[in-house]
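Spelled out from the first residue to the last, the chains are:
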Amino acid sequence: MSLTHNIVSNIAYVISGIIAHYKKKLYYGNLLFFLAIVSCLYHLNYTFLFLDVIISISVLFYSLWITYNTPNKYYIKLLGIIFLIIMIILIPLSGKYGEKQYNIIHPWAHIFGGLSTALVAYYGKT
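Residues numbered from 1 in each chain as written. Predicted model: local features only at pLDDT ≥ 70, side-chain atom pairs only at ≥ 80, totals over all residues. Heavy atoms only, no water.

Trainee: So what exactly am I meant to see when it comes to the packing of helix α5 (residues 74-96) against helix α6 (residues 99-123) here?
Mentor: The relative placement of two packed helices comes down to the angle between their axes together with the axis-to-axis distance. Following both chains from N to C, one finds α5 and α6 inclined at 160°, their axes separated by 8 Å at the closest point. By the criterion of interaxial angle, the relationship of α5 to α6 is roughly antiparallel. As for the relative orientation of α5 and α6, their crossing is left-handed in sense. Contacts between α5 and α6 involve Ile-76, Leu-79, Gly-80, Phe-83, Leu-84, Ile-86, Met-87, Leu-90, Ile-91, Leu-93, Ser-94 and Gly-95 from the former and Gln-101, Tyr-102, Ile-105, His-106, Trp-108, Ala-109, Phe-112, Gly-113, Leu-115, Ser-116, Leu-119 and Tyr-123 from the latter. (Axes fitted to C-alpha atoms, helices over the stretch in contact; angles between N-to-C directions. Helix = DSSP H or I, 4+ residues; strand = E, 2+ residues; numbered from the N terminus. Parallel < 35°, antiparallel > 145°, perpendicular 65-115°, else oblique. Left-handed = near helix turned anticlockwise from the far one by under 90°. Contact = heavy atoms within 4.5 Å.)

Trainee: What exactly am I supposed to notice about the packing of aromatic side chains here?
Mentor: A complete count under the given rule lists five aromatic pairs for this structure. A ring pair is formed by Tyr-28 and Tyr-62, whose centres lie 5.5 Å apart and whose planes are at 65°; its orientation type is edge-to-face. Of this pair, Tyr-28 sits in helix α3 (residues 26-44) while Tyr-62 sits in helix α4 (residues 49-69); the two residues are 34 residues apart in sequence, bridging distant segments of the chain. Relative accessible area serves as the criterion here: at 23%, Tyr-62 is assigned to the partly exposed category. Members of the aromatic cluster, connected to one another through ring pairs, are Tyr-28, Tyr-62 and Trp-65. Above the face of the Tyr-122 ring, Lys-23 is positioned so that its terminal group lies 4.4 Å from the ring centre. (Phe/Tyr/Trp six-rings, centres within 6.5 Å; stacked < 30°, edge-to-face > 60°. Buried < 20%, exposed > 50% of the residue type's maximum accessible area, 1.4 Å probe, protein only. Lys NZ or Arg CZ within 6 Å of the ring centre and 35° of its normal.)

Trainee: How do you make sense of the packing of α3 against α6 when you look at a structure like this?
Mentor: As a packed pair, α3 and α6 sit with axes 12 Å apart at the nearest point and diverge in direction by 175°. The angle between α3 and α6 falls in the class roughly antiparallel. Only Tyr-102, His-106, His-110, Thr-117, Val-120 and Ala-121 of α6 make contact with α3, whose side of the interface consists of Tyr-28, Leu-32, Ser-39, Tyr-42 and His-43.

Trainee: Got a minute to help me understand the environment of Tyr-122 in this structure?
Mentor: With respect to the helices, strands and loops of the structure, Tyr-122 is situated in helix α6. A relative accessible area of 40% means that Tyr-122 is categorised as partly exposed. Residues Tyr-122 and Ser-16, spaced 106 residues apart in sequence, show a C-alpha to C-alpha distance of 8.3 Å. Those residues in contact with Tyr-122, other than ones at most four positions away along the chain, are Ile-19, Lys-23 and Lys-25.

Trainee: Explain α4 to me, please; I cannot follow it from the model alone.
Mentor: An α-helix turns once per 3.6 residues; consequently, residues spaced three or four apart project the same way. The first and last C-alpha atoms of α4 sit 30 Å apart over 21 residues, in line with the 30 Å expected at 1.5 Å per residue. Those residues of α4 that fall on the buried side of the exposure criterion are Asp-52, Ile-55, Val-59, Ser-63, Ile-66 and Thr-67. Considered in projection along α4, the buried side chains sweep an arc of 105° and stay on one side of the axis. For α4, the exposed residues lying more than 90 degrees away from the buried face are Phe-50, Phe-61 and Tyr-68. Buried residues along α4 sit against α3, α5 and α6. (Expected span 1.5 Å × (residues − 1). Arc of directions from axis to C-beta.)

Now the structure itself:
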């Protein structure tokens, strides 16, 4: 995997954004689209790190807020939280051993983050 994979794997957030718009969660969808764009910019130019982190944290907290406010759907909440935990574990692992390891593991953080946000976008109540 390479820099290209780090950029292309952001499609997971684009798909989540499309799902959010389909389910009439426009703010969440726009935030996910913005995350995908900023993440791509960050992977092309590291000066976007701060913005990438701020948007990522915003998505995390907004996703948790939506999940918290969604009645029932406990199995969906659990699955989403499992995907989220996997993503959170993969992020520090991806940077631990250098650029090659980062480029191998980090796209999977995007995929699991995308799966988690897709569940929130589809099942979540705002």
